[in-house]
Amino acid sequence: MAHLSTTGGRPAKAAAVAAVAAAAALLTVLAAPAGARATVRPPAVAPGGCTSATDPALADRLTGDITTALAGRQGTVALTLWDAGTGTSCGYRPTAQFDSASVVKATIMAAVLRRADEEGRPVTDWEEGNLRPMITRSDNTAATALWLDLGRPRLEAFLRLAGLADTVLGADDHWGLTQVTAADELKVLALYADDPSVLSPESRAYGLDLMSQVVPEQRWGAPYGAPAAVTVHVKNGWLQRATHGWRVHSLGIFTGPGRNYRMAFLTHDNPTEAYGISTIQRVAQVVHRDLAAAAGTTAAGQPLPAGPDIGAPEVSDGSAPFERTGTEPSPGPGGPAGPLGPGRPWHRE
């Protein structure tokens, strides 16, 4: 089922989505080692570092390099990683909850696509007209329209279907205050990358296609340092509030010949937007480098700025109000991410 508008044919787009669908259907087979090709879902992410089914040295290298990248950084960081080719996973504070900001838009899109699959139809003109700006430009009006159109019962049912047990929807239309975890966000990415249990191949390809078309100014974070040979699929969030400073998040899926890996970063307590982006990019750079080396390639193909520390507009993504709302629960001890303090060594959590 090609996810095209129900009126007005788009043959060029149909061909493009069909090609992406065919590639997506092959990702698991191509990326996984021969002995693991029957496995689609990665194992549950365990906190405390990295493990690998086939390459323990890679897991040790990633643990050390991520620790070094985070050394001395302010803020609270959670991250998860899954590389299908080596069966390598990493987890740091994987179940700590954060305000989602705009990364929840990847979940909203998946719920819309699941509804279309259930109803045996392509996305409508109206859905397409909101999905595209919501993902490629992080349009908030489009996100609110889709959120309200889906309705809370359908969204809750989708969370259960997708196994997003630790994700809690924001109250009313405050979708940007949905509570998310790095472990659940990795599951969201799997829905598009290689998990066939929730979305059809066409829906997965449609989602990947939109995430590959995010505007350049919103392609920071997880893609930093990605090899030239991979296709980057990204969705970010950047929200400043009166508590916990800047929330800066980045989700990334990276696909290509023999490559299929993904990572999710959630952060808050950042003093500025730029600081949060820099923290994520310091980690992303070493992850891409280590995974590329393990695959026998190089991560030097993508043009990079002088370093991962960059400037940023310091303008919130507008996904939630600055102050607490009347329907918003009070933060627990230590805030939404629990009592974990900022700046603690990542491999000890």
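Please refer to the structure placed before this passage.
Now for a look at the structure at hand. Everything numeric here is computed off the predicted structure, so don't read it as measured data.

## With respect to the pattern of salt bridges
Side-chain pairing between opposite charges can occur once the charged atoms of the two side chains come close. Considering all chains together, one arrives at 14 salt bridges under this definition. The salt bridge partner of aspartate 139 is arginine 137, with a shortest N-O separation of 3.8 Å. Judged by its relative accessible area of 47%, arginine 137 falls in the partly exposed class. Measuring nitrogen to oxygen at the nearest pair gives 3.2 Å for the salt bridge that ties aspartate 194 to arginine 262. Placement of aspartate 194 in the loop between α7 (182-193) and α8 (201-211) and of arginine 262 in strand β8 (residues 259-268) is noted, with a sequence separation of 68 residues between them. If you follow the salt bridges from partner to partner, you end up with Arg115, Glu119, Arg121, Glu127 and Asp149 in one network.

## Considerations on unusual backbone geometry
Positive phi, normally seen in glycine, also occurs at serine 138, with a value near 60°. Judged by relative accessible area, serine 138 falls into the buried class, the value being 7%. The residue glutamate 314 is not glycine, and still its phi comes out positive at about 60°. Considering the arrangement of structural elements, one finds glutamate 314 in the segment after α9 (273-294).

## Quick look at the sheet that holds β8
The six strands are arranged β1-β3-β2-β8-β7-β6 in an open sheet whose pairing can be described as antiparallel. Looking at strand neighbours, the two that pair on one side only are β1 (49-52) and β6 (231-240), the edges of this open sheet. The mean inter-strand angle of the sheet, taken between neighbouring strand axes irrespective of direction, is 10°. Bridge count between strand β2 (residues 76-83) and β8: eight bridges; the pairing is antiparallel. Across the sheet, alanine 78 pairs through a bridge with leucine 266, a residue of β8. Here α7 sits on the sheet and contacts β2, β7 (246-256) and β8; the angle it forms with β8, its principal contact strand, is near 145°.

## Thoughts on the packing of helix α3 (residues 105-118) against α7
The N-to-C vectors of α3 and α7 enclose an angle of 45°; their axes lie 10 Å apart at closest approach. Comparing the axis directions of α3 and α7 gives the class oblique. Handedness of the α3/α7 crossing: left-handed. Along the contact surface, α3 presents Ala106, Thr107, Met109, Ala110 and Leu113, while α7 presents Glu185, Val188, Leu191 and Tyr192. Broken down by class, the residue content of the contact of α3 with α7 amounts to seven nonpolar, one polar and one charged.

## Considering the packing of α3 against α8
For any two helices packed against each other, one specifies the inter-axial angle together with the distance between the axes. Between α3 and α8, the shortest axis-to-axis distance is 10 Å and the interhelical angle comes to 150°. As judged from the angle between their axes, α3 and α8 are roughly antiparallel. Crossing of α3 against α8: the hand is right-handed. Facing Met109, Leu113 and Asp117 of α3, the residues of α8 in contact are Ser203, Tyr206, Gly207, Leu210 and Met211. Taken together, the residues of the contact of α3 with α8 sort by class into five nonpolar, two polar and one charged.

## Description of the nonpolar core
Grouped together as the largest cluster of nonpolar side chains are 72 residues, with contacts concentrated most on Ile66, Leu79, Met109, Leu131, Met134, Tyr192 and Met263. Not counting residues within four places of it along the chain, the set of residues in contact with tyrosine 192 comprises Ala106, Met109, Ala110, Leu113, Leu199, Arg204, Gly207, Leu208, Met211 and Ile253. Judged by nonpolar contacts, the second largest core, of six residues, contains Ala78, Ala96, Phe98 and Leu266.

## As for the side chain of threonine 267
Looking at the secondary structure, you find threonine 267 in strand β8. You can call threonine 267 buried: its relative accessible area is 0%. The residues touching threonine 267, leaving out its near neighbours within four places in the chain, are Thr76, Val77, Phe98, Trp246, Arg247, Val248, His249 and Ile280.

## Observations regarding the state of the cysteines
Applying the stated criterion across every chain yields a total of one disulfide. A sulfur-sulfur distance of 2.0 Å marks the disulfide that ties cysteine 50 to cysteine 90. Where cysteine 50 bonds to cysteine 90 through sulfur, the torsion about that S-S bond is close to 110°, and the disulfide is right-handed. One end of the pair, cysteine 50, is in strand β1; the other, cysteine 90, is in strand β3 (residues 88-92), and 40 residues separate them in sequence. Across this residue pair, the class does not change: cysteine 50 and cysteine 90 are buried.

## Some thoughts on the packing of aromatic side chains
Within the structure shown, the criterion is met by two aromatic pairs. A ring pair is formed by tryptophan 220 and tryptophan 238, whose centres lie 5.9 Å apart and whose planes are at 75°; its orientation type is edge-to-face. Taken together, the residues span a long stretch of sequence, with tryptophan 220 in the loop between α8 and β6 and tryptophan 238 in strand β6 at a distance of 18 residues. The pair formed by tryptophan 220 and tryptophan 238 is uniform in burial state, with each residue classed as buried. With 5.1 Å between their ring centres and 25° between their planes, phenylalanine 254 and tyrosine 261 make a pair best called stacked. By relative accessible area, which is 0% here, phenylalanine 254 ends up buried.

Rules used in this analysis
Residues numbered from 1 in each chain as written. Predicted model: local features only at pLDDT ≥ 70, side-chain atom pairs only at ≥ 80, totals over all residues. Heavy atoms only, no water. Salt bridge = Lys/Arg side-chain N within 4 Å of Asp/Glu carboxyl O. Buried < 20%, exposed > 50% of the residue type's maximum accessible area, 1.4 Å probe, protein only. Helix = DSSP H or I, 4+ residues; strand = E, 2+ residues; numbered from the N terminus. Pairing = 2+ DSSP bridges. Axes fitted to C-alpha atoms, helices over the stretch in contact; angles between N-to-C directions. Contact = heavy atoms within 4.5 Å. Parallel < 35°, antiparallel > 145°, perpendicular 65-115°, else oblique. Left-handed = near helix turned anticlockwise from the far one by under 90°. Nonpolar A, V, L, I, M, F, W, Y, C, P; charged D, E, K, R; others polar. Core = buried A, V, L, I, M, F, W, Y, C linked by side-chain atoms within 4.5 Å. Disulfide = S-S within 2.5 Å. Phe/Tyr/Trp six-rings, centres within 6.5 Å; stacked < 30°, edge-to-face > 60°.

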